[in-house]
Amino acid sequence: MAARGGLLMLENFIGGTFLPCSSYLDSYDPSTGEVYCHVPNSGEEEVEAAVEAARAAFPGWSSRSPQERSQVLQRLADLLEQSLEELAQAECKDQGKTITLARTMDIPRAVHNFRFFASSILHHTSECTQMDHLGCLHYTVRAPVGIAALISPWNLPLYLLTWKIAPAIAAGNTVIAKPSELTSVTAWMMCRLLEKAGVPPGVVNVVFGTGPRVGEALVSHPDVPLISFTGSQPTAERITQLSAPHCKKLSLELGGKNPAIIFEDANLDECIPTTVRSSFANQGEICLCTSRIFVQRSIYNEFLKRFVEATRMWKVGVPSDPSADMGALISQAHLEKVRSYIKKARLEGARILCGEGVDTLNLPPRNQAGYFMLPTVITDVKDESCCMKEEIFGPVTCVVPFDSEEEVIQRANSVKYGLAATVWSGSVGRVHRVAKKLQSGLVWTNCWLIRELNLPFGGMKSSGVGREGARDSYEFFTEVKTITVKH
Ligand SMILES: NC(=O)c1ccc[n+]([C@@H]2O[C@H](COP(=O)([O-])OP(=O)(O)OC[C@H]3O[C@@H](n4cnc5c(N)ncnc54)[C@H](O)[C@@H]3O)[C@@H](O)[C@H]2O)c1
Ligand SMILES: N/C(=C/C=C\C=O)C(=O)O
């Protein structure tokens, strides 16, 4: 690690070596608005070096057995776990999230990602059929694809980066990862553990920088046959265009406009605290967060009263405060974007029941320039409003009434996204029925964010293409071959 003038200086990690870059980007502490880190502003030259390193490492790594690769992933998980507190502190400072969320969700899940895929890689089966009348046996085999480009967003930095690195290298690929330029620190810290874990040079390469500069050089490189991307739809469109000439394999995990549907027989004592958390956890900067709440009319007033009370109890504070429920948004630009939606809602005649422009946020003097805002609840908003149609990706949620099951399903499905949903009802028949009719890749009933990594994760419609999970990631990061043997 280099430090210049008290600033953290990150370096690219290529071929097992940390390399300086010719230019750097400022990276900010969201809780103060101050520059505290310099991130390499990498470009084609760095991508070419990373491709060379990944290409050189591929024969050795891909020829190791799943058992050998599994052991390396387990050792990396152990080292990350031993560095949990250091990584949590870094993620908190870099992303603006609370230290408690970083300690209990982000970093433990990053550790688990390596443990999970270290195990699942040992248990995949292939397929076989027989044509006795022709004396033929057919079977499938799978092999790693080659160099994988892994591009990840700024909201759950190490959690989502390792959700790609782990399955990619477990399957025998070598990787070039590009984290978000807004949150690069924990990826860089992870690189310091790779050699000790036994990851050979060139198996994991990390290039830092912006999407248009280093990201586009990576996704358009002819020797990078597959891209796993998590981020926004506009970026996914651009990556699809750039990769199309090379017919690359694409996994696209994109945005959401996730509904919560609360029927009159829901258990509000459970529903309300969970829906506050699903709306505002990580400052609402989780693709699975709830941003539209449909409440059956007979309980609407009771729900609204209790939900606003509970939202006002959701503590916004300095991210390093263990008692804070919510920290700072990622950037000044993102804060202004989120606030602009609240202004639009007001202009449309909606009511802001709490939060931005209604309640007062008290912060210590050193955090006055931080990117903070209060969790905000909007009602009396039309389904056609941009607040009900577009992903805001901040601590803002809309609450509206509904009457019938058929009506609410149609309204919940009336957006271009289809990532996640929650359904709250005491009727088991109703939750099964409604879940099946929702255009979402993930539906939680009477709960939220209980993750089963064995099963497919991802969205439909504009929420993405493909799925991630034990089998899905294995199939994405390998090529299948069908072999016929005539005996
Ligand atoms: N479905 C999911 O699992 C999931 C998870 C987290 C975030 N997201 C979505 O991500 C978005 C927020 O993250 P974000 O602002 O970092 O998204 P983003 O699309 O701006 O950036 C995501 C990543 O892509 C890179 N990038 C940007 N432009 C690029 C280009 N032209 N070529 C190559 N790479 C490029 C960025 O540097 C970053 O690393 C939201 O829409 C959110 O819903 C989805
Ligand atoms: N891929 C996942 C994403 C979760 C939240 C994104 O913002 C996961 O949980 O596996």
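Each value, and the rule that gives it
Counting restarts for each chain: residues are numbered from 1 in the order of the written sequence. Naming scheme: in the order in which they are written, chains are lettered from A and ligands are numbered from 1. Given that this is a predicted model, residues contribute local features only at a pLDDT of at least 70 and side-chain atom pairs are listed and counted only at 80 or more, while totals for whole chains, interfaces and linings are drawn from all residues. Side-chain measures were taken over the full set of non-hydrogen atoms in the model, leaving aside hydrogen atoms and water. Secondary structure elements follow DSSP: runs of H or I of four or more residues count as helices, runs of E of two or more count as strands, with numbering from the N terminus. It is over C-alpha atoms that the radius of gyration is taken, and the globule rule equals 2.2 Å times the number of residues to the power 0.38. Throughout this description, buried means an accessible area under 20% of the type-specific maximum (1.4 Å probe, protein chains only), exposed means over 50%, and partly exposed covers the range between. The criterion used for residue contact is that any of the two residues' heavy atoms lie within 4.5 Å. Only the protein chains shown count as cover for residues, and all accessible areas are computed by the Shrake-Rupley method using a 1.4 Å probe. Residues belong to one nonpolar core when they are buried, are Ala, Val, Leu, Ile, Met, Phe, Trp, Tyr or Cys, and are joined through side-chain atoms within 4.5 Å. Any Phe, Tyr or Trp ring, taking Trp's six-membered ring, that has another such ring centre within 6.5 Å forms a pair; planes under 30 degrees apart are called stacked, those over 60 apart edge-to-face, and the others tilted. In these notes, residues near a molecule or strand are those with any non-hydrogen atom within 4 Å of it. A 3.5 Å cut-off defines polar contacts: any pair of N or O atoms within that distance qualifies, except that in protein one atom must be a possible hydrogen donor and the other a possible acceptor, and neighbouring residues in sequence count only when both atoms are side-chain atoms. Polar here means any residue outside two lists: the nonpolar Ala, Val, Leu, Ile, Met, Phe, Trp, Tyr, Cys and Pro, and the charged Asp, Glu, Lys and Arg; Gly therefore counts as polar. UniProt positions are given in the numbering used here, feature names are shortened, and annotations may be inferred rather than shown by experiment. In this scheme, strands are said to pair when DSSP sees at least two bridges between them. Structural elements are reduced to axes, namely lines fitted to C-alpha atoms, with helices fitted over the stretch in contact, and the angle between N-to-C directions of any two is expressed from 0 to 180 degrees.

## Some details on the overall build of the protein chain
Line of reasoning, step 1. Secondary structure summary: the protein chain contains 15 helices and 24 strands in total.
Line of reasoning, step 2. Computed over C-alpha atoms, the radius of gyration of the protein chain comes to 23 Å, within 12% of the 23 Å expected from 2.2 N^0.38 for 487 residues, which places it in the range of a compact globule.
Line of reasoning, step 3. Across its three principal axes, the protein chain shows a C-alpha extent of roughly 70 × 70 × 40 Å.
Line of reasoning, step 4. Put simply, the protein chain has 487 residues, and 59% of those count as buried.
Line of reasoning, step 5. Put simply, of all contacts in the protein chain between residues at least 6 apart along the chain, 74% involve residues at least 24 apart.
Line of reasoning, step 6. For the protein chain, the accessible surface area stands at approximately 19100 Å², while carbon and sulfur atoms represent 54% of it.

## Considering the nonpolar core
Line of reasoning, step 1. Core analysis: the largest hydrophobic core is formed by 79 residues, its most contacted members being Leu80, Phe114, Ile165, Ile169, Val185, Val204 and Leu288.
Line of reasoning, step 2. Here this core gets 11 residues from one element, more than from any other, and that element is helix α4 (residues 99-120).
Line of reasoning, step 3. For Phe114, the contacting residues outside a window of four places in its chain are Leu73, Leu76, Ala77, Leu80, Thr162, Ile165, Ala166, Ile169 and Met190.
Line of reasoning, step 4. Judged by nonpolar contacts, the second largest core, of 31 residues, contains Ile261, Ala345, Ile352 and Cys387.

## Focus on the packing of aromatic side chains
Line of reasoning, step 1. Here the structure, examined in full by the defined rule, presents nine aromatic pairs.
Line of reasoning, step 2. When the centroid spacing of 5.4 Å and the interplanar angle of 85 degrees are considered together, the rings of Phe263 and Phe402 count as edge-to-face. With Phe263 in the loop between β14 (258-262) and α9 (268-280) and Phe402 in strand β18 (residues 396-402), the pair connects residues that are 139 residues apart, well separated along the chain. No difference in accessibility class separates Phe263 from Phe402, as the two residues are buried.
Line of reasoning, step 3. With 5.2 Å between their ring centres and 15 degrees between their planes, Phe303 and Phe307 make a pair best called stacked. Linking Phe303 with Phe307, this pair stays in helix α10 (residues 300-312), spanning four residues, or about one helical turn.
Line of reasoning, step 4. Classification of Phe307 as buried rests on a relative accessible area of 0%.

## Some remarks on the site of ligand 1
Line of reasoning, step 1. Around ligand 1, 28 residues are found, and the nearest of them are Ser152, Trp154, Glu181, Leu254 and Glu391.
Line of reasoning, step 2. One nitrogen or oxygen atom from the side chain of Glu181 is found 2.7 Å from an oxygen atom belonging to ligand 1.
Line of reasoning, step 3. Within the backbone of Gly231, an N or O atom sits 3.3 Å from an oxygen atom of ligand 1.
Line of reasoning, step 4. Starting from 850 Å² of accessible surface for ligand 1 in isolation, the protein chains cover 90%.
Line of reasoning, step 5. Only α7 (211-219), β12 (226-230) and α8 (233-243) provide two or more residues apiece to the shell around ligand 1.
Line of reasoning, step 6. Among the residues forming the shell around ligand 1, the class breakdown is 12 nonpolar, 10 polar and six charged.

## A short note on the UniProt feature "domain: Aldehyde dehydrogenase" (unreviewed entry) in the protein chain
Line of reasoning, step 1. The feature "domain: Aldehyde dehydrogenase" (unreviewed entry), as given by UniProt, occupies residues 24-483 in the numbering adopted here.
Line of reasoning, step 2. Each end of residues 24-483 is marked by a C-alpha atom, and these two atoms are 50 Å apart; helix forms 41% of the span and strand 21%.

## Notes on the side chain of Ser425
Line of reasoning, step 1. Take Ser425: it is sitting in the loop between β20 (420-424) and α14 (428-437).
Line of reasoning, step 2. On the accessibility criterion, Ser425 (3% relative accessible area) is buried.
Line of reasoning, step 3. A polar atom in the side chain of Ser425 sits 3.3 Å from the side chain of Arg430.
Line of reasoning, step 4. Ignoring any residue separated from it by four or fewer positions in sequence, one finds Ser425 in contact with Phe263, Asp265, Ala266, Arg430, Val431 and Asn446.

## Observations concerning the sheet that holds strand β17 (residues 376-379)
Line of reasoning, step 1. The strand order β16-β17-β18-β15-β14-β20-β21 describes an open sheet built from seven strands, whose pairing is mixed. Every other strand in the sheet has two partners, leaving β16 (351-354) and β21 (442-445) as the edge strands with one partner each. Each strand axis lies, on average, 25 degrees off the axis of its neighbour in the sheet, ignoring direction.
Line of reasoning, step 2. Where β16 and β17 come together, three bridges link them in antiparallel fashion. Counted as the bridge partner of Ile352 is Ile378 from β17.
Line of reasoning, step 3. Its contacts with the sheet put helix α11 (residues 332-347) on β16, β17 and β18, and the angle it makes with β16 is roughly 125 degrees.

## So, the site of ligand 2
Line of reasoning, step 1. The environment of ligand 2 is formed by Arg109, Asn155, Leu156, Tyr159, Leu160, Trp163, Ile286, Cys287, Leu288, Arg451 and Phe457.
Line of reasoning, step 2. Asn155 places a side-chain nitrogen or oxygen 2.8 Å from an oxygen atom of ligand 2.
Line of reasoning, step 3. Considered on its own, ligand 2 offers 300 Å² of accessible surface; in the complex 97% of this is hidden by protein.
Line of reasoning, step 4. A class-by-class count of the residues in the shell around ligand 2 yields eight nonpolar, one polar and two charged.

## Describing the side chain of Ser462
Line of reasoning, step 1. Considering the arrangement of structural elements, one finds Ser462 in the loop between β22 (460-461) and β23 (464-465).
Line of reasoning, step 2. Filtering out sequence-adjacent residues up to four positions away, Ser462 remains in contact with Gln233, Leu254, Lys416 and Tyr417.

## Some details on the UniProt feature "active site" (unreviewed entry) in the protein chain
Line of reasoning, step 1. Residues given the UniProt feature "active site" (unreviewed entry) here are Glu253.
Line of reasoning, step 2. On the secondary structure map, Glu253 appears in strand β13 (residues 249-253).
Line of reasoning, step 3. Residue Glu253 is classed as buried on the basis of its relative accessible area of 4%.
Line of reasoning, step 4. Every residue in contact with Glu253, bar those within four places of it in the chain, is listed here: Phe229, Thr230, Gly231, Phe457, Gly458, Gly459, Ser463, Gly466, Arg467 and Glu468.

## As for the environment of Leu438
Line of reasoning, step 1. Mapped onto the fold, Leu438 is located in the loop between α14 and β21.
Line of reasoning, step 2. For Leu438, a relative accessible area of 6% gives the class buried.
Line of reasoning, step 3. Sequence separation between Leu438 and Gly418 is 20 residues, and the spatial gap between their C-alpha atoms is 8.3 Å.
Line of reasoning, step 4. Leaving out residues up to four positions away in the same chain, Leu438 has contacts with Ile261, Ala412, Asn413, Ala421, Val423 and Val443.

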